[in-house]
2 protein chains.
Amino acid sequence: MNIFLDWAATAPPDPEIFQETCDTALTCYGNPSSIHAAGQKSASKLAEARQKCAEALNVKPQTIVFTSGGTEAGHLPLLALLRRPVQGTLAISAIEHPAVIEQARILAHCGWKTLIIPATGEGFITPEAVLSTIRDDTAYVAVMAVNNETGAVQPVEEIAAGIADRTKGKKKPFFHVDIVQAAGKIPVNLNCPEIDSAAVSAHKLGGPRGIGLLYHKKRFEPFIMGGGQESGIRPGTENIAGAWGLAACLVKNCRSPADDRSYSMAEYIIESLCSVPGIAPVPETRKPDDRRFSPYIFQFTNSMFPGEVLVRILSERGIFISTGSACSSRSRARPVLQAMHVKPEKQLGAFRVSTGKSTTKQDIDCLTETLKDIYQKNKMHTKKE
Amino acid sequence: MNIFLDWAATAPPDPEIFQETCDTALTCYGNPSSIHAAGQKSASKLAEARQKCAEALNVKPQTIVFTSGGTEAGHLPLLALLRRPVQGTLAISAIEHPAVIEQARILAHCGWKTLIIPATGEGFITPEAVLSTIRDDTAYVAVMAVNNETGAVQPVEEIAAGIADRTKGKKKPFFHVDIVQAAGKIPVNLNCPEIDSAAVSAHKLGGPRGIGLLYHKKRFEPFIMGGGQESGIRPGTENIAGAWGLAACLVKNCRSPADDRSYSMAEYIIESLCSVPGIAPVPETRKPDDRRFSPYIFQFTNSMFPGEVLVRILSERGIFISTGSACSSRSRARPVLQAMHVKPEKQLGAFRVSTGKSTTKQDIDCLTETLKDIYQKNKMHTKKE
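I will try to describe carefully the structure that is included in this document. (Residues numbered from 1 in each chain as written. Chains lettered and ligands numbered in written order. Predicted model: local features only at pLDDT ≥ 70, side-chain atom pairs only at ≥ 80, totals over all residues. Heavy atoms only, no water.)

Here's the deal with the pairing of strand 3 (residues 89-93) of chain B
Where a strand is regular, its side chains alternate between the two sheet faces.
Residues and elements named next belong to chain B.
Reasoning step 1: Across the five residues of strand 3, five count as buried, placing the element largely inside the fold.
Reasoning step 2: The two faces of strand 3 match: Thr89, Ala91 and Ser93 on one face and Leu90 and Ile92 on the other face are all buried.
Reasoning step 3: Where strand 3 lies against strand 4 (residues 113-117), five bridges are found, and the strand directions are parallel. The residue of strand 4 that forms the bridge with Leu90 is Thr114.
Reasoning step 4: In this region the chain leaves strand 3, passes through helix 4 (residues 98-106) and returns to the parallel neighbour strand 4; the handedness of that crossover is right-handed.
Reasoning step 5: By the bridge criterion, four bridges tie strand 3 to strand 5 (residues 138-142) in an arrangement that is parallel. (Buried < 20%, exposed > 50% of the residue type's maximum accessible area, 1.4 Å probe, protein only. Helix = DSSP H or I, 4+ residues; strand = E, 2+ residues; numbered from the N terminus. Pairing = 2+ DSSP bridges. Right-handed = clockwise from strand over helix to strand, strands pointing away.)

Have a look at this one:
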């Protein structure tokens, strides 16, 4: 039996949500843009899915646009900048997902300049760092709610308030929050009036691939065009089954965000792993009971193996972890750890453990014992040589 | 029992393909970017899906990029123009899908000018029309393979050759072909060396929503950025189940494109419908045995009801047709018919019948009889008044 501890990359499919998704695919196949009964049945189901997502996130249904995932949800408001007559700057946090930071950088081809908001050594983006980065011509700011590599929960509401305060009387920059690792996991307040948009992905919550949503406080003029679906914000034939699956994910997960039990489990994870000689949390200052971090994402470093080697050895033993973001696994660079000024040897030995609601203490015990065993065998092997 | 004659909008789910898609979602849930065994299992399945799609389309696997659908597949090469240092013009056929024509037009915000290639009165784009539209600064040309409203099969190979010939010794414009209504339905030759990219969608072939593919002859520098998936051309966690579903669609449908039976069925459809007084094909010159049109898409016009009213009346009787593109159903404008200079009263009465491999003569008989009955009742009603 394998142990899956890579939930931040993707979650195992939730059987209930999977069933609802499949049923919808079979029963609501009409194109919701079609005016006949088969189309209208799909259109109703889509509206119902939107309503459910909105209720789960405590926002209005008209602020929800279904997308093909978190990446596309992040792109839509960013690309909309290309409709503006005057270019300016973007302020992007140093720990942002590549879907946002890389897309922002490429806008340089269209005259937009990206400024990077520095992170603290613990991987936090402070309101002060944001304010010292934004300028009079800053049109867009992005800070993610929960970092996907360290689990650091960012003070997005304080940042939002800070931006609003600083730009009072002027045009406030658009503020986007990537909540892919937050929605359904920790409490998220999208009713904060200074948050303009947010991105969600279903597959991080046990839902289907290829579906996500963009929350957008107000309608914006889109740069991505097509058949006018999703209020003209996201074109393409709507994925009703996916939207329904995402709604089911949010309904199920948002009603029970991280609680004392989740944090006590987090404590257990950090204490267990750090009982293995040579393993330490990243940042080093992360305490077992540190609620400034998501109780589902843990970055560690180890002094025995490069992270990638450790991932492979554990995989051979049926335990699935990762080094950092799956999306960055192609390059060995660790931009988030670099932004935190983690020392190169600690970056090399870094690995991520990310959990879900079904992760058990037994899973963690097995990981800890396996790590001890691997290290023990490696030591003996090294001594022999 | 309902009769579904709106296949060009979306096809009813194919049970075999649906099953394969579901099985894949449950068994290959690892993130293919993850280096552990669960991730690598998904990566292999994705590679296998790519291989199957490539074989079905008779191209190399490295030319296939999975996308969230036909719309996104159309966008990727178009948006890539934004990386070019010098702007120029785009030549877009007047009958193109809004995903291409509207996206092209919005590039005006970034200095690109769209020139429209006129259609003939029969809805064809001739090589001459393309050549008279392209200029020295034309960087991109788009002509779809099969029009989604009329079924007109466009001479894309002749157009491709014409463009290559005209621009010999200079940089050839990028030539994109939307094959959403062609792939798996009529023979498509992507090995034509002057076709640079093509877009495919699964749900038009009975496959899942939210998955499509972009064929691209050569790698291009992408403007859409993120986690580097799909050779850096299309970011976002890969939808393995969707990709597998699309592969199953193409394998199943590409091996049996339209044959004599399909064209004989098309003949039956046109003859049956035109036996109803007041109904005529659009264009009027489309003969029942006219192989210049897809045997799956038929535009008609009727003199009794506005097309939209007819769609609603038929829907109440359990027969699902459309006026034109589902993607354009929000506005009553009929840009394709306008481009063909169809008279306004004929545009108003226009409706589309689109069929699939499971459509039967009995379905068509039922549509024909129902239309006759509706007209008869309406005549009596009008007389009474």
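Focus on the sheet that holds strand 9 (residues 279-282) of chain A
To summarise the sheet geometry, strands pair through backbone hydrogen bonds and adopt either a parallel or an antiparallel arrangement.
All names here are of chain A.
Reasoning step 1: The antiparallel open sheet is built from three strands, whose spatial order is 9-10-12. A strand with exactly one partner marks an edge of an open sheet, and here the two such strands are strand 9 and strand 12 (350-354). The sheet shows a mean angle of 35° between the axes of neighbouring strands, direction not considered.
Reasoning step 2: Pairing of strand 9 with strand 10 (residues 297-302), which is carried by four bridges, proceeds in the antiparallel orientation. For Ile279, the partnering residue across the bridge sits in strand 10 and is Asn302. (Axes fitted to C-alpha atoms, helices over the stretch in contact; angles between N-to-C directions.)

As for the nonpolar core
Reasoning step 1: Membership of the largest hydrophobic core comes to 65 residues, with the highest contact counts inside it found for Phe66, Phe175 and Leu250 of chain A.
Reasoning step 2: Among the elements that take part in this core, helix 7 (residues 240-254) of chain A stands out by supplying nine residues, more than any other.
Reasoning step 3: A domain split of this core shows at least three residues from each of domain 1 (3-11 + 257-384) and domain 2 (15-254) of chain A.
Reasoning step 4: Setting aside its immediate chain neighbours within four residues, Phe66 of chain A contacts Leu46, Ala49, Arg50, Cys53, Ile211, Gly212, Leu213, Glu230, Arg234, Ala243 and Leu246 of chain A.
Reasoning step 5: Judged by nonpolar contacts, the second largest core, of 64 residues, contains Ile95, Leu246, Ile297 and Ala339 of chain B. (Core = buried A, V, L, I, M, F, W, Y, C linked by side-chain atoms within 4.5 Å. Domains from an automatic or database assignment. Contact = heavy atoms within 4.5 Å.)

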